[in-house]
Amino acid sequence: MAAGGNSGNISLGAGRLYVAPIGTSEPADNSTALPSAWRAIGYTEEGSTIQVELNNEEIEVEEEFEPVLWVLNKRTTMVMFEMAEATRRNLALAMGTGANEANDDTAYEPPIPGDEVGFMLVWDSDETASADNRRWLFRQCKISGTIETARQKAPNKATLPVEINVEKPATAAPFKVFPNSAGLI
């Protein structure tokens, strides 16, 4: 017996990640190419994970056994991935230096704690923007978590795992989702 679902609504693929400095022009839709200020992060080890945690608090009254209301008191958004391209530029992003660090042979030193630079992040489902592309825009991000890079023999490779906390900017929602023409996210 069929479950009544639509296999065309199943979302597949790792997608592509892009970063830019905060204040860079935002994409207006899912089908327009990103402006040149956005740079690709490159390959990831196992794709990316977008996590939105909603915390609700129960409101109780003495006259009832069950809560009479649940109130959202916190929403936390994170994006996690492991960069498979262990470059100077990606190390700088992972350490909180921001999205625009050079990718050259100059020595790198991490920022002083408290001087980390935020950035914007985009996840695109397709390599080329089109009506079929799905896009998530995260407007204000900061690096968090543990960066652990293992150096081992092949086929293992050095990676840069990152956890990104999404902050709420002063004048907009923390993120925006652009579904494709079929409504897929």
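Structure's up top.
Please read all numbers here as calculations on a predicted model, not as lab measurements. (Residues numbered from 1 in each chain as written. Predicted model: local features only at pLDDT ≥ 70, side-chain atom pairs only at ≥ 80, totals over all residues. Heavy atoms only, no water.)

Asks: How would you summarise a nonpolar patch on the surface if you had to cite specific residues and measurements?
Replies: Taken together, Ile59, Val61, Val68, Leu69 and Val71 make up a surface patch of nonpolar side chains, about 360 Å² in accessible area. Tracing the chain through its elements places Val61 in the loop between strand 3 (44–59) and strand 4 (69–83). The class for Val61 is partly exposed, based on a relative accessible area of 35%. (Patch = residues over 30% accessible without salt bridge, like charges linked within 9 Å, V, L, I, M, F, W, Y side chains within 5 Å. Areas by Shrake-Rupley, 256 points an atom, 1.4 Å probe, with all protein chains shown as cover. Salt bridge = Lys/Arg side-chain N within 4 Å of Asp/Glu carboxyl O. Helix = DSSP H or I, 4+ residues; strand = E, 2+ residues; numbered from the N terminus. Buried < 20%, exposed > 50% of the residue type's maximum accessible area, 1.4 Å probe, protein only.)

Asks: Outline the pairing of strand 6 (residues 135–144), listing residues and values.
Replies: In the sheet, strand 5 (residues 119–124) pairs with strand 6 via five bridges, with the strands oriented antiparallel. In the strand pairing of strand 6, Asp124 is matched with Arg135. Bridging between strand 6 and strand 8 (residues 175–178) involves four bridges; their strand directions are antiparallel. Within strand 8, the position partnered with Leu137 by the bridge is Lys176. (Pairing = 2+ DSSP bridges.)

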